[in-house]
There are 2 protein chains.
Amino acid sequence: MTSNAGDKGLLIVLSGPSGVGKGTVCSMLRKLAPELVYSVSATTRSPRAGETEGDNYFFTSKDKFRSMIEKDELLEWAEYVGNYYGTPRSFVRDTINAGKDIILEIEVQGAMKVKQKFPEGVFIFLMPPSLDELKNRIETRGTETDESIRNRLSVAVDEIRLLEHYDYAVVNDQVETACSRIRSIITAEHCKRERIMPYVNSWMEEVR
Amino acid sequence: MTSNAGDKGLLIVLSGPSGVGKGTVCSMLRKLAPELVYSVSATTRSPRAGETEGDNYFFTSKDKFRSMIEKDELLEWAEYVGNYYGTPRSFVRDTINAGKDIILEIEVQGAMKVKQKFPEGVFIFLMPPSLDELKNRIETRGTETDESIRNRLSVAVDEIRLLEHYDYAVVNDQVETACSRIRSIITAEHCKRERIMPYVNSWMEEVR
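Model, not experiment: these values are computed from the prediction. (Residues numbered from 1 in each chain as written. Chains lettered and ligands numbered in written order. Predicted model: local features only at pLDDT ≥ 70, side-chain atom pairs only at ≥ 80, totals over all residues. Heavy atoms only, no water.)

Engineer: How would you sum up the UniProt feature "binding site: ATP" (unreviewed entry) in chain A? Please name residues and give values.
Structural biologist: Residues and elements named next belong to chain A. With numbering aligned to this structure, UniProt lists the feature "binding site: ATP" (unreviewed entry) at G16, P17, S18, G19, V20, G21, K22 and G23. Among the secondary structure elements, G16 is positioned in the loop between β1 (11-15) and α1 (22-32). Given the relative accessible area of 1%, G16 is considered buried. Aside from chain neighbours lying at most four places away, what touches G16 is K22, I106, V108, F125 and L126. If you trace the backbone, P17 turns up in the loop between β1 and α1. Not counting residues within four places of it along the chain, the set of residues in contact with P17 comprises K22, V108, F125, L126, P128, E159 and I160. (UniProt positions renumbered as here; feature names shortened; annotations may be inferred. Helix = DSSP H or I, 4+ residues; strand = E, 2+ residues; numbered from the N terminus. Buried < 20%, exposed > 50% of the residue type's maximum accessible area, 1.4 Å probe, protein only. Contact = heavy atoms within 4.5 Å.)

Engineer: Give a description of the pattern of salt bridges that names residues and reports values.
Structural biologist: Enumeration according to the criterion identifies 20 salt bridges over all chains in this entry. Here B:D94 ties to B:R93 by a salt bridge, and the two come within 3.9 Å at their closest N and O atoms. Note that B:E194 and B:R193 form a salt bridge whose closest N and O atoms lie 3.5 Å from each other. Among the residues examined, B:R193 registers a relative accessible area of 25% and is labelled partly exposed. Beyond isolated ion pairs, a larger network of salt bridges with shared partners links A:D72, A:R89 and A:K117. (Salt bridge = Lys/Arg side-chain N within 4 Å of Asp/Glu carboxyl O.)

Engineer: An account of the state of the cysteines is requested, with residue identities and associated values reported.
Structural biologist: Here is the idea: a disulfide is a covalent bond, and it sits between the sulfur atoms of two cysteines. The tally for this structure, following the rule as stated, stands at 0 disulfides over all chains. This cysteine, B:C179, is not joined by any disulfide, and B:C26 carries the nearest cysteine sulfur, 8.3 Å off. Between B:C191, a free cysteine, and A:C179, which holds the nearest cysteine sulfur, the sulfur-to-sulfur gap is 12 Å. (Disulfide = S-S within 2.5 Å.)

Engineer: Give a description of the relation of the copies chain A and chain B that names residues and reports values.
Structural biologist: When chain A is brought onto chain B, the operation consists of a screw motion whose angular component is 180° and whose axial shift is 0.0 Å, with 0.0 Å RMSD remaining. Both copies are brought into coincidence by an operation consistent with a two-fold rotation axis. Minimal C-alpha separation from the rotation axis in chain A is found for A:S184, amounting to 2.2 Å. When the interface residues of chain A are mapped onto chain B, 100% of them are again interface residues, pointing to one common binding face. (Least-squares fit on C-alpha atoms with pLDDT ≥ 70 in both.)

Engineer: Mind laying out the interface of chain A and chain B, listing which residues take part and the relevant values?
Structural biologist: Taken together, the contacts link 41 residues of chain A with 41 residues of chain B. For the pair chain A and chain B, the summed buried surface comes to about 3,700 Å²; carbon and sulfur atoms form 67% of the total. Considering only the surface of chain A that becomes buried against chain B, A:R193, A:W203 and A:V207 emerge as the three largest contributors, covering 17% of it. At the junction of chain A with chain B, the criterion picks out 2 salt bridges. Residue A:E206 pairs with B:K135 through a salt bridge whose shortest N-O separation is 3.8 Å. Taken together, the links from chain A to chain B amount to 8 residue pairs in polar contact (both at pLDDT 80 or more). (Buried area = accessible area lost by both parts, 1.4 Å probe. Polar contact = N/O pair within 3.5 Å; in protein donor to acceptor, adjacent residues only side chain to side chain.)

Engineer: Would you mind going over unusual backbone geometry in detail, with residue names and values included?
Structural biologist: Residues and elements named next belong to chain B. Backbone geometry at D72 places phi at a positive 60°, although glycine is not the residue there. Given a relative accessible area of 34%, D72 falls into the partly exposed group. In this model, V81 sits at a positive phi of 35°, which is unusual for a non-glycine residue. Summarising the element assignment, V81 is placed in the loop between β5 (74-80) and β6 (83-88). Since its relative accessible area comes to 73%, V81 is described here as exposed.

Engineer: I'd like a description of the domain arrangement of chain A, backed by residues and values.
Structural biologist: Residue and element names in this part refer to chain A. Split into domains, chain A comes out as domain 1 (1-36 + 101-208) and domain 2 (40-100). On a C-alpha basis, the centroid separation for the pair domain 1 and domain 2 is 21 Å. Summed over both partners, the interface of domain 1 with domain 2 comes to about 1,200 Å²; 65% of that surface belongs to carbon and sulfur atoms. Note that D72 and K117 form a salt bridge whose closest N and O atoms lie 2.4 Å from each other. Counting the contacts that link domain 1 with domain 2 gives 3 residue pairs in polar contact (both at pLDDT 80 or more). (Domains from an automatic or database assignment.)

Engineer: Requested: an account of the pairing of strand β1 (residues 11-15) of chain B, with residues and values cited.
Structural biologist: Residue and element names in this part refer to chain B. Where burial is concerned, most of β1 is hidden: 5 out of the 5 residues are buried. Side-chain alternation along β1 places L11, V13 and S15 on one buried face and I12 and L14 on a second face that is also buried. Sheet topology places β1 next to strand β7 (residues 102-105); 4 bridges connect them, and they run parallel. Each bridged residue has a counterpart across the sheet, and for L11 the counterpart in β7 is I102. Two elements, β1 and strand β8 (residues 122-127), share 4 bridges in a ladder whose sense is parallel. (Pairing = 2+ DSSP bridges.)

Engineer: Run through the nonpolar core, naming residues and quoting values.
Structural biologist: Grouped together as the largest cluster of nonpolar side chains are 47 residues, with contacts concentrated most on A:I124 and B:I124. Not counting chain neighbours up to four residues away, the residues in contact with B:I124 comprise B:I12, B:V13, B:L14, B:S15, B:Y166, B:Y168, B:V170, B:I182 and B:I185. (Core = buried A, V, L, I, M, F, W, Y, C linked by side-chain atoms within 4.5 Å.)

Engineer: Describe the sheet that holds β6(B), and please don't skip the residues or the numbers.
Structural biologist: In sheet architecture, strand pairing relies on hydrogen bonds along the backbone and comes in two forms, parallel and antiparallel. Residues and elements named next belong to chain B. Strand order across the open sheet formed by 4 strands is β4-β3-β6-β5, with mixed pairing between neighbours. The open sheet terminates on both sides in strands that have one partner only, identified here as β4 (57-59) and β5. Within the sheet, the average angular offset between the axes of one strand and its neighbour, ignoring direction, is 25°. Bridge count between strand β3 (residues 41-43) and β4: 3 bridges; the pairing is parallel. What sits directly across from S41, in β4, is Y57. In the packing of helix α3 (residues 89-97) onto the sheet, the strands contacted are β4, β5 and β6, and the crossing angle to β6 comes to about 20°. (Axes fitted to C-alpha atoms, helices over the stretch in contact; angles between N-to-C directions.)

Here it is, written out as structure tokens:
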């Protein structure tokens, strides 16, 4: 044990309400934290120009995808405009077993499904900095009526209520600061007592 | 909520087996993390040249100290060569209520007493990097017999077993790295869901 890394990697699930900036934070993380592996989704849609297998997506037939569903080989999946999208369990498992941390950026419904299948993941909820900021973002979207704005605000706050199922909340006030908090959370998770305790127990045995 | 700080500060208890380097890590933290408050002990011994009240220690009479014990005003205390030493609860409480984090560096027995009185603290255990390193440190201490070395190693490993009562283990392989891990743990603790949830609940009420 020369580091606090432990043997196994962690699954980090980064989620949060729509519009909070998950994608922006994740893009910045890719630059700042190249040691993290980024989860790759399986999809049944066709590759677009420039997309490569295993990099952007795992491109899969519908039959294959349905068979993955049946065999419980996906941590979550959803259908969107006639195509399937999902998170292959094997990619997550192999990365973790190789001792690397893997990050999965996903909307709140998907994150809750992942939690059911992989409760040992570290669930991080990206938060807007304030209720006013949330209101601002919703109001400046367009020419909506007061009632529609109120409805959309209510939906957003309901989404934020899902925070109760997460381990951590990270305020996205500044992208770099949010990334730095996420990296601190990953470091702290590697320092958790239960990850180090097996080493200590092996020391005890060796000394006796 | 413009940061992940929350309103209240945290009590960070930094402990670990004797010889692991708690003092060195804490001195480095003072340089690297001036935003942290460092706990000041009460003592009944006389001030030495250059020591100032409230900075090095709170200098106290024995009567006053005994009265503090009776009134449960100490998070822990111990007697050492005829004098009392202890951690005043009020200093910790006032710092936390002012929204600042306070760090208490203490040996393992003291840390366990603090845990009884202040279980909501964040307990960090500083670890030697390996069993070999621990053996090295013990063997190079002097001209001891094999049996005495084995005994001291056994005591040290027993001390390390106390890790099971802590929240985190930080490996002291390099002082700066250990400090960086400790700071990450503090950041992560501030991001814990239960610290942010009250804000979200207040948003819910405001929107309804």
